[in-house]
Amino acid sequence: MLEINELSKIYPGGTQALKAVTFNVPKGQFLAVIGLSGSGKSTLLRCINRLIEPTKGQIIWNGIDLAALPENEMRLYRRKIGMVFQSFNLVLRSTVLTNVLSGRLGYINPAWSFLNRFSKQDYLDAMKQLERVGIADKAFQRADELSGGQQQRVSIARAMMQNPEIMLADEPVASLDPVLAHSIMQYLDKINKELGVTVICSLHFLDLVHRYADRVIALNNGYVVFDGLPSEIDDVKFKEIYGRDAERVG
Amino acid sequence: MKKKSKSPFLHSIKVAFIIIGLIILYAIGFSVTKVNLEETKSEIRQKQLIRIIRALVQPDLFTYDTVDTLIQTKILAPCSENAFTGIAMDPTTSDPYLTLSTYCANPGDAITIEGFNFEVSEQIFVQFIPPNGVKLTLGQANTDENGHFILETKIPKNRKSDQPQTIQVKTSVYAGNLKISGTLKDTWDKIVETLFLALLSTTVGCIFALPLSFFAAKNLMERLKTEFISVSLTLILFPIGFYIGLKIVQIIIRWISTLTISPIFVVIGCILLAVIIFLLLRQLFSNQKIPGEHTSYNFRSILSKSTAAITVVVFCILLSKVFILAGDSLTKSLGTFAFIGEFIRDMGEILEMILPVGVGIAASFIAVSLGSKISKSILAAPPIWMKKIISVVLSVAAYAGLCLLIINALNFLYEFKNIREINLYTGMIGGLVGLMLGLIFQPNYEIKIGNVIYIITRSVFNILRSIESLVMVIVFVVWVGIGPFAGSLALALHTIAALGKMYSEQVENISEGPLEAIQATGANLVQQVVYAVIPQIIPPYIAFTLYRWDQNVRMSTIIGFAGGGGIGFLLQQNINLLNYRAASVQMIAIAVVVSLMDYLSGYVRNKIV
């Protein structure tokens, strides 16, 4: 159970990205976060694993307030929270395998990471994760030789190496071909359904939300303006979330 | 609202003022830089200019073998009673001979020297040789188409002798084939020296700049935050750790000094320790611990870790001795390649020199990590008021200690007279600062310590960079003597600062995405750097290192002007001796090398990036 309590974020410039956001995520849920660009979706996801420091509020996970932890302890909890990014964020000059293995960094002795040494088990796991996303044959290629869809699959494999209990996905399909979007979403769905990993995924397209999400949260200008089932989003709600000028696509 | 446009009259007044201002500005410029056009028109100056330009365009690259002809005659100076009529000359001979207007003259008297049957249209040099053999040039002349010359000159003063003195005429005639001149050979030697000077200084600069550059990268450093209490502990424990590290090395060296006399012990001990360390590392590899999940810092683990650390130190000491021994024996046996032996010996000595400092730094980092554990337990356990008291006490001690360290470093430079009083006052001031900070900040307040480190590193880089290596070399010449060693040290120091700044800017320019992603996996800051930063910065680092080598080659061509060795030394010498034809060779050599380096580094940079 992940409880977000009155979470606020004010950026140094004065922009208030999150305004007392409160919601709960039960274990194993597939939660979609929707809203316009700049509504605070990315900030919310990054506050949960504290890539961005929240200004106020609590993030209570299994009884521990993540927002109050010092950085060196937060690091240990971050290992259990995988993250997938819109721009994949692979280290392009490293091999696919190294990128996947770097998901284990939180678990190994930091001294060995200088030598790029991982245990045999980690290598086997990395190959297994690559097989799961169907690109085991690319393991020894450089990451920049891969297409966008392949890169996103590597990044899922990397996050899965952390053996996560929560998976944060920040618009994982926004920079991909719509055709590829479903294949990436299906991997996330599989992780959610088969392994019971809680998925919190920000999305742009409502049809993806309808198809994959158990529940939707909508943000507008830093406020939660909707919290419910995907099927509950009717035309009135839609206008509330996306503004009056918006039109439904698809 | 648009501003009302000004009247054209006011506008032209403004333009006129600007023009007058500019004229005054350049007039000041001319007078300050002492522009003197009369000098440029002066005939003597123009003649000199033409002479130099002609010399510069005729570089002394090649030469012929020359055959010298020496013809002598005798003269008595000053005149004395012993009648001396000179050496009889047979005017019918076809060999070259000399006649003098007089064979006895007082110093300062005018004399006419005439020569016959010399080589046609050649330059001849007339020298005066007293009995002690020290030659003095009297003048030079050119022979006519009959091989005849006349030179009017004076008998030199201060060369009195009652013995007949020699007047000698020297002609040099080209013989044999064109060959490389001595100047060109010297220039080649010095150019090689210059290139290696640049290579060494760039390498050393690169080695030091690499780790330092991360401390000067804002995007990395602003992530580094520490609790206030932990900063105090670091300030206290860092110098203590350094001191202990230094002492440990000294004690170990003293302990094993009797044993290291025997070379057999050194070699066997070194190999043995290498094996032990290898086994220890394998042991550590096999049971990878998960950080944070169990922290067993019991007595046994501390003991085993410190034993391991001391083993490594002893190994390093023995290794340096092995290098020195091996270097010495190689120097004896290798003959022409003895320099390799010397190199190995030098490596051993460098290891010996940096070992205490390295162990000191390592020990201070261990002390600091111990401090962070202590601060964690302080923050966890006692009640709030207790924490506050501990924090205040620690910060008073820390800042008083810091101030004392700084003042004692200054004392080394300024040699204060009343150091005791000064120590007392600075200690008190530091304590007060610490007290105030301790009261203001909560013990767990996160200080952006990274920003402080960033500012300090950047400032040091900027200060070092602003001192040209030409200035630095003056200090190094005093330390290690005139020559290329001083030059490479000065260039290396400058390179550390310049490369450090350029490297750190590359770190700041990396794409943040991968860094964010690696951070999200739970990696610590060092791991983030190794996995997300280093792969991104390797190509620009190589490019900048090459660029810096190119720059260092350019710098080392002139560093010799200040005594730093390399080709600049030769160039300056030749300019001072007014030997412009030789200077021209060196200038050409510099131009060739610099442009070659430019093409080469440009080519490699294009290949890599």
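Remember, predicted model here, so these are calculated numbers, not experimental data.

### Side note on the packing of aromatic side chains
For the structure shown, the criterion picks out 11 aromatic pairs over all chains. Between Phe238(B) and Phe365(B) the ring centres are 5.8 Å apart and the planes differ by 85 degrees, which places this aromatic pair in the edge-to-face class. With Phe238(B) in helix α6 (residues 228-256) and Phe365(B) in helix α9 (residues 338-380), this residue pair connects regions lying 127 residues apart in the sequence. Taken together through their ring pairs, the aromatic side chains of Phe228(B), Phe441(B) and Tyr445(B) make up a single cluster. When the ring centre of Tyr107(A) is taken as reference, the NZ or CZ atom of Arg79(A) above it lies at 4.8 Å. The side chain of Arg104(A) reaches across the aromatic face of Tyr107(A), ending 4.2 Å from its centre.

### Brief notes about the interface of chain A and chain B
Contact with chain A, which involves 38 residues of that partner, is made by 31 residues of chain B. Regarding the contact of chain A and chain B, the summed buried area is about 3000 Å², with carbon and sulfur atoms giving 59% of it. The interface formed by chain A and chain B contains 1 salt bridge. Between Arg46(A) and Glu516(B) there is a salt bridge, and its shortest N-O distance comes to 2.4 Å. Every element with two or more residues in the side of chain A that touches chain B is listed here: α2 (71-78) and β6 (81-84) of chain A. Take the side of chain A that touches chain B: its biggest share by element is 5 residues, from α2(A). A breakdown of the residues in the side of chain A that touches chain B according to their chemical character gives 16 nonpolar, 13 polar and 9 charged.

### Describing the nonpolar core
Among the nonpolar cores identified, the biggest contains 73 residues, and Ile34(A), Ile156(A), Met167(A), Met185(A), Leu188(A) and Val533(B) are the most heavily contacted of them. Sorting elements by how many residues they give to this core places helix α16 (residues 525-559) of chain B first, with 7 residues. Looking at which domains feed residues into this core, each of domain 1 (1-80 + 165-250) and domain 2 (87-163) of chain A gives three or more. Filtering out sequence-adjacent residues up to four positions away, Leu188(A) remains in contact with Phe30(A), Ile156(A), Met167(A), Ala169(A), Pro172(A), Val199(A) and Cys201(A). Of all hydrophobic cores here, the second largest spans 30 residues; its members include Phe23(A), Ile59(A), Leu66(A) and Leu69(A).

### Some words on the sheet that holds strand β4 (residues 123-129) of chain B
Residue and element names in this part refer to chain B. Strand order across the open sheet formed by 4 strands is β1-β7-β4-β5, with antiparallel pairing between neighbours. Each of the sheet's edge strands pairs with one partner strand only, and the pair in question is β1 (62-76) and β5 (136-142). Strand-to-strand twist in this sheet, taken as the mean axis angle between neighbours without regard to direction, amounts to 25 degrees. Pairing geometry for β1 and strand β7 (residues 164-180), over 15 bridges, is antiparallel. For Val67, the partnering residue across the bridge sits in β7 and is Val173.

### Regarding the side chain of Gln527(B)
With respect to the helices and strands, Gln527(B) occurs in helix α16. With sequence-adjacent residues up to four places away left out, Gln527(B) is seen in contact with Arg75(A), Leu105(A), Ile108(A), Pro110(A), Ser113(A), Ile518(B) and Ala532(B).

### Focus on the pattern of salt bridges
Scanning the entire structure with this criterion turns up 18 salt bridges over all chains. Between Asp122(A) and Arg104(A) there is a salt bridge whose closest N-O contact spans 3.2 Å. Of the two residues, Asp122(A) sits in helix α4 (residues 120-132) while Arg104(A) sits in the loop between α3 (96-101) and α4, which places them 18 residues apart along the sequence. Each of the two residues, Asp122(A) as well as Arg104(A), counts as buried. Two residues, Glu39(B) and Arg45(B), come together in a salt bridge whose shortest N-O distance is 2.8 Å. What makes Arg45(B) partly exposed here is its relative accessible area of 47%. Taken together, the salt bridges that share partners define one network made up of Arg46(A), Asp170(A) and Glu516(B).

### Focus: a nonpolar patch on the surface
Residues and elements named next belong to chain B. Nonpolar side chains collect at one region of the surface, where Val267, Ile271, Val275, Phe278, Leu279 and Leu325 lie side by side and expose about 540 Å² of accessible area between them. The biggest single contributor to the nonpolar patch is helix α7 (residues 263-286), with 5 residues. Mapped onto the fold, Val275 is located in helix α7.

### Concerning the side chain of Gln528(B)
Residue and element names in this part refer to chain B. Locating Gln528 in the fold gives a position in helix α16. At 3.1 Å, the side chain of Gln528 forms a polar contact with the backbone oxygen of Ala523. Not counting chain neighbours up to four residues away, the residues in contact with Gln528 comprise Arg223, Leu515, Ile518, Gln519, Ala523 and Val533.

### Structural notes on the packing of helix α13 (residues 469-480) of chain B against α16(B)
Residues and elements named next belong to chain B. At a minimum axis distance of 10 Å, the contact between α13 and α16 shows a crossing angle of 55 degrees. Comparing the axis directions of α13 and α16 gives the class oblique. Both α13 and α16 take part in a crossing whose hand is right-handed. Residues Ser469, Leu470 and Val473 of α13 lie in contact with α16, whose contacting residues are Met555, Ile558 and Ile559. Class assignment of the residues belonging to the contact of α13 with α16 gives a composition of 5 nonpolar, 1 polar and no charged.

### A few points about the packing of α6(B) against α9(B)
All names here are of chain B. With their axes 6 Å apart at the nearest point, α6 and α9 run at an angle of 145 degrees to one another. The way α6 lies across α9 gives a crossing that is right-handed. Residue composition of the contact of α6 with α9, by class: 18 nonpolar, 9 polar and no charged.

### Describing the pairing of strand β3 (residues 30-34) of chain A
Residues and elements named next belong to chain A. With 5 of 5 residues buried, β3 lies mostly within the body of the structure. Going residue by residue along β3, you find Phe30, Ala32 and Ile34 tucked away on one face and Leu31 and Val33 tucked away on the opposite face as well. Bridging between β3 and strand β8 (residues 198-202) involves 4 bridges; their strand directions are parallel. Note that in β8 the partner of Phe30 across the bridge is Val199.

Cut-offs and rules
- Residues numbered from 1 in each chain as written.
- Chains lettered and ligands numbered in written order.
- Predicted model: local features only at pLDDT ≥ 70, side-chain atom pairs only at ≥ 80, totals over all residues.
- Heavy atoms only, no water.
- Phe/Tyr/Trp six-rings, centres within 6.5 Å; stacked < 30°, edge-to-face > 60°.
- Helix = DSSP H or I, 4+ residues; strand = E, 2+ residues; numbered from the N terminus.
- Lys NZ or Arg CZ within 6 Å of the ring centre and 35° of its normal.
- Contact = heavy atoms within 4.5 Å.
- Buried area = accessible area lost by both parts, 1.4 Å probe.
- Salt bridge = Lys/Arg side-chain N within 4 Å of Asp/Glu carboxyl O.
- Nonpolar A, V, L, I, M, F, W, Y, C, P; charged D, E, K, R; others polar.
- Core = buried A, V, L, I, M, F, W, Y, C linked by side-chain atoms within 4.5 Å.
- Buried < 20%, exposed > 50% of the residue type's maximum accessible area, 1.4 Å probe, protein only.
- Domains from an automatic or database assignment.
- Pairing = 2+ DSSP bridges.
- Axes fitted to C-alpha atoms, helices over the stretch in contact; angles between N-to-C directions.
- Patch = residues over 30% accessible without salt bridge, like charges linked within 9 Å, V, L, I, M, F, W, Y side chains within 5 Å.
- Areas by Shrake-Rupley, 256 points an atom, 1.4 Å probe, with all protein chains shown as cover.
- Polar contact = N/O pair within 3.5 Å; in protein donor to acceptor, adjacent residues only side chain to side chain.
- Parallel < 35°, antiparallel > 145°, perpendicular 65-115°, else oblique.
- Left-handed = near helix turned anticlockwise from the far one by under 90°.

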